[in-house]
Amino acid sequence: MAKRRLNKQQQFRIEKIQTEREKRAARKERAIDEQLEASELGVEQTGLVIAHYGQQLDVEALEGDRRGRVLRCYARANVGNLVTGDRVIWRPAADDTGIIVARQERQTLLQRPDNFGQLKPVAANIDHIILVIAPEPEPHDSLIDRYLVAAEITEIPAVILLNKTDLITPENAPALEKLLARYEAIGYPVVRTSALDAGSTGASDELEALVKGRTSVFVGQSGVGKSSIIQALLPDETLRVGGLSLSTGKGTHTTTTARLFHLVTGGDLIDSPGIREFGLWHMTPREIEEGFREIRPLIGHCRFRNCRHQGEPGCAIEQAGADGRISEERMRSFRRILVDMAEQNSRGLSSS
Ligand code: GDP
Ligand code: ZN
């Protein structure tokens, strides 16, 4: 076992940090209680979490005379974890600050594993995950499918957005059309746009219609045009938020703070470097099976309970592939992801 033992000094330090943290949390809670007791707080009202910085959150007032304003808030400990996109009940406090007293029920929750493999909430109430692909860099089935598997696991609907339509040529068109048709056939909506054409005129009609009145996130391989699309949707956005430059999409320092933006067209966008890389983490075979929507109904139908779908007799998934119920490309990509993940797993085990 390679796990290092902590020496006494390190242990002492960790304990000290922990105690400090607890003290700080207790002080914060006491300060909140004092304000509550002194009834210095205004009436309860609804708000929207715009961003999250450690203990503090930016909350946009959704009603009352502060409506549209963003206030720095603390949350009472009993509220539970909060993420960008959460709708909350809060009470105004002194100096344009506020106290969050409750969280409203979430419609959806985007989660991703942390470095220890524990699922951590990243953003709430996202209506759809927009997976961006482009003629260049050339799309890879297994990469697209990894994003889709992650979306399926999260239970947030995914849409495929083909960007850079200006780069479609007679040479690359047939393969692209075939690819898009394959996803449409299994129920993923496909939308096309060109962020470049948008330029100063704003986003294309198709893109506007896609994001209008909804909360969206954009995911996909680097270089497909996510930043450009976001720029087209947020022409006036000059903010550099949490180190995330909208023009480059690259963090000036490593942060995963998700931030919510209102789009001029109506609708919201939640973005962070972490969200853009959504889906690129380790997945278990079961998650991969469930994440292929045409394979999911076949789970448990193989002859052997521990079937790995690699040529075992009575494999329901291979049978479906042979019958054409699963496309050749999706079948190949399913196997590829299973193998990649298994390799990643064995590498992970041998190196620790
Ligand atoms: P990201 O890594 O997904 O955020 O991609 P970027 O937005 O940084 O775009 C990568 C490159 O593609 C940049 O050079 C963009 O100018 C270019 N690009 C983005 N959208 C389009 C488009 O619709 N058409 C063309 N031709 N290029 C685009
Ligand atoms: Zn099988």
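Right above here is the structure, for reference.
Conventions and cut-offs
Residues numbered from 1 in each chain as written. Chains lettered and ligands numbered in written order. Predicted model: local features only at pLDDT ≥ 70, side-chain atom pairs only at ≥ 80, totals over all residues. Heavy atoms only, no water. Near = heavy atom within 4 Å. Polar contact = N/O pair within 3.5 Å; in protein donor to acceptor, adjacent residues only side chain to side chain. Areas by Shrake-Rupley, 256 points an atom, 1.4 Å probe, with all protein chains shown as cover. Helix = DSSP H or I, 4+ residues; strand = E, 2+ residues; numbered from the N terminus. Nonpolar A, V, L, I, M, F, W, Y, C, P; charged D, E, K, R; others polar. Pairing = 2+ DSSP bridges. Axes fitted to C-alpha atoms, helices over the stretch in contact; angles between N-to-C directions. Contact = heavy atoms within 4.5 Å.

Enquirer: Teacher, can you tell me more about the site of ligand 1 here?
Expert: Surrounding ligand 1, one finds 16 residues, the nearest of these being Asp166, Gly223, Lys226, Ser227 and Ser228. The contact in question runs from an oxygen atom of ligand 1 to an N or O atom on the side chain of Lys164, over 3.0 Å. Ala195 places a main-chain nitrogen or oxygen 2.9 Å from an oxygen atom of ligand 1. For ligand 1, the protein covers 72% of the area, taking 580 Å² as the surface of the free molecule. Only helix 4 (195-198) and helix 6 (226-233) provide two or more residues apiece to the shell around ligand 1. Per-element accounting of the shell around ligand 1 gives the leading share, three residues, to helix 6. Residue composition of the shell around ligand 1, by class: four nonpolar, eight polar and four charged.

Enquirer: Whenever I open this one, the sheet that holds strand 15 (residues 268-271) confuses me. Can you help?
Expert: Strands belonging to one sheet form pairs held by backbone hydrogen bonds; the direction of such a pair is parallel or antiparallel. Read across the open sheet, the six strands follow the order 10-9-8-11-15-14; overall the sheet is mixed. Edge positions in the open sheet fall to strand 10 (190-192) and strand 14 (259-262), since each of these has one partner strand only. Across the sheet, the mean angle from the axis of one strand to that of its neighbour is 30°, orientation sign disregarded. Examined bridge by bridge, strand 8 (residues 128-133) and strand 11 (residues 215-219) share four bridges and lie parallel to one another. Bridging from a neighbouring strand, His128 pairs with Ser216 of strand 11. Helix-sheet contacts for helix 6 involve strand 8, strand 9 (158-162), strand 11 and strand 15, and the interaxial angle to strand 11 is about 150°.

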